[in-house]
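Now for the letters of each chain:
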Amino acid sequence: MTYVTATSGLCVRNMMELEQSCSVLREYGSEQSLLSRPDGSSTFVQGDTSMLAGVYGPAEVKVSKEIYDRATVEVLIQAKTGLSSVRERAREQCVRETCEAALLLTLHPRSSLTVILQVVHDDGSLLSCCLNAACMALMDAGLPMSLLFCGVTCAISKEGQIITDPTAQQEKESRALLTFAIDSVERNVLMSSTTGSFSVHELQQCIAISRKASEQIFLFYRDSVKRRYSKIQ
């Protein structure tokens, strides 16, 4: 498994300008094609948070879920222990909406694509780790996509400090938590999930920091795929 430590400096003076600050991503890494049964699989590790993802399809879909002009996307997140909760259901919807925005679903009408995410360990920024693991697994499956995506989580402390890729302890101590799915083409926000209280200014700050941090993750995607195929050759 390849690991990388990424650091990018960014902050926002007002809605449009950047000033000096620093957003630091924890050490992260990924490995693809670990599982034999799925059509694509990957692990993604961010600090001590770890996810395992498997992609199945295109495959047959139940008649009740069939869509005549595109594929149906299902996402299942399995908790480390016990049954899945309402929180997992909300995360599943976030990941599903992001996958639907990235995949060329019209190329596989009346079929199903299933993404299964297994929580290995949760030490904060779990939704962004889910998004990153899902994207790497979709790439491993060779599914047609119009763009790649990655997840970045920001926590806002009670003092107003923005922490990128927070740990579980930092999340508990924060007054707001924001996760964004960023696309690889225009660096647009494909999906956002927020909890807590924050101002419009702080929201804009977090979006700008997430866009900057995404550059390092997309570079990691490219380097990972490049290393993988250079080994095959």
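Please refer to the structure placed before this passage.
Read on for an overview of the structure. Just so you know, these numbers come straight off a predicted model, no measurement behind them. Residue numbers run consecutively from 1 along every chain, following the written order of its sequence. Local features in a predicted model are, by the rule used here, given only for residues with pLDDT of at least 70; side-chain atom pairs are given and counted only at 80 or more, and totals for whole chains, interfaces and linings are based on all residues. Water and hydrogen atoms were dropped before computing side-chain values, which therefore reflect all heavy atoms in the structure.

### Describing the overall build of the chain
Looking only at helices and strands, the chain features 4 helices and 12 strands. Only protein chains enter the accessibility calculation, which uses a 1.4 Å probe. A residue is then buried if its area is under 20% of the maximum for its type, exposed if over 50%, and partly exposed in between. Sorting the 233 residues of the chain into buried and exposed places 46% on the buried side. We call two residues in contact when some of their heavy atoms are within 4.5 Å. For the chain, restricting intrachain contacts to residue pairs at least 6 apart in sequence, the fraction spanning at least 24 positions comes to 65%. Values of accessible area rely on a 1.4 Å probe in the Shrake-Rupley scheme; residue burial ignores everything except the protein chains shown. Entry remark: accessible area of the chain is about 11,500 Å², with carbon and sulfur atoms responsible for 50%. For helices the rule is a DSSP run of H or I covering at least 4 residues; for strands it is a run of E covering at least 2, with both sets numbered from the N terminus onward.

### Here we look at helix 1 (residues 86-102)
Each turn of an α-helix holds 3.6 residues, which means side chains three or four residues apart point in the same direction. Over its 17 residues, helix 1 runs 25 Å from end to end, which matches the ideal 24 Å to within 8%, given 1.5 Å per residue. Within helix 1, the full set of buried residues consists of Glu-88, Arg-91, Glu-92, Cys-94, Val-95, Thr-98, Cys-99 and Ala-102. The buried side chains of helix 1 occupy one side of the element, clustering within an arc of 165 degrees when seen end-on. Looking at the buried side of helix 1, the elements it contacts are strand 7 (72-78), strand 8 (112-121), helix 2 (126-141), strand 9 (149-157), strand 11 (174-183) and strand 12 (189-196). Multiplying 1.5 Å by the residue count of a helix minus one yields the expected span of that helix. Within this analysis, the arc is defined by the directions that extend from the helix axis to the C-beta atoms.

### Comments concerning the layout of surface pockets
Any space left empty among the atoms is revealed by the rolling of a water-sized probe across them. Lining residues are those with an atom within 4 Å of a point, where the points come from a 1 Å grid over the protein atoms alone and group into cavities, where a 1.4 Å probe fits but cannot get out, or pockets, open sets with protein on both sides within 12 Å along at least five of seven lines. Grid points are joined across faces, edges and corners, and a volume is the space filled by probe spheres set on the points. Approximately 510 Å³ is the volume attributed to the largest pocket. Lining the largest pocket are 18 residues, and of these Arg-87, Arg-91, Glu-171, Leu-177 and Thr-195 sit closest to its centre. For the lining of the largest pocket, the element with the highest residue contribution is helix 1, accounting for 4 residues. Its residues placed into classes, the lining of the largest pocket shows 6 nonpolar, 7 polar and 5 charged. Classification used: nonpolar for Ala, Val, Leu, Ile, Met, Phe, Trp, Tyr, Cys and Pro, charged for Asp, Glu, Lys and Arg, polar for all others including Gly.

### Quick look at the pairing of strand 11
Counting buried residues along strand 11, 8 of its 10 residues qualify, which places the element largely inside the surrounding structure. Across 9 bridges, the pairing between strand 9 and strand 11 is antiparallel. Paired with Ala-155 across the two strands is Leu-177, which belongs to strand 11. What makes two strands pair is DSSP finding at least two bridges between them. Alignment of strand 11 against strand 12, held across 7 bridges, turns out to be antiparallel. Directly across from Phe-180, in strand 12, lies its bridge partner Ser-192. Where strand 11 hands over to strand 12, the hairpin turn is made up of 5 residues, of which Arg-187 adopts a positive phi near 60 degrees.

### Quick look at the sheet that holds strand 9
Adjacent strands of a sheet pair through backbone hydrogen bonds, lying either parallel or antiparallel. One open sheet holds the 4 strands; their spatial order is 10-9-11-12, and the pairing between them is antiparallel. With one partner strand each, in any of the chains shown, strand 10 (162-164) and strand 12 form the two edges of the open sheet. Mean inter-strand twist for the sheet, computed between neighbouring axes without regard to direction, equals 20 degrees. Against the sheet, helix 1 contacts strand 9, strand 11 and strand 12, and its axis sits at roughly 165 degrees relative to strand 12. Whenever a helix is involved, its axis is fitted only over the stretch in contact; in every case the axis is a line through C-alpha atoms, and angles between N-to-C directions fall within 0 to 180 degrees.

### So, the environment of Ser-197
Along the chain, Ser-197 turns up in the loop between strand 12 and helix 4 (200-232). Setting aside chain neighbours within four positions, we find Ser-197 in contact with Arg-175 and Ala-176.

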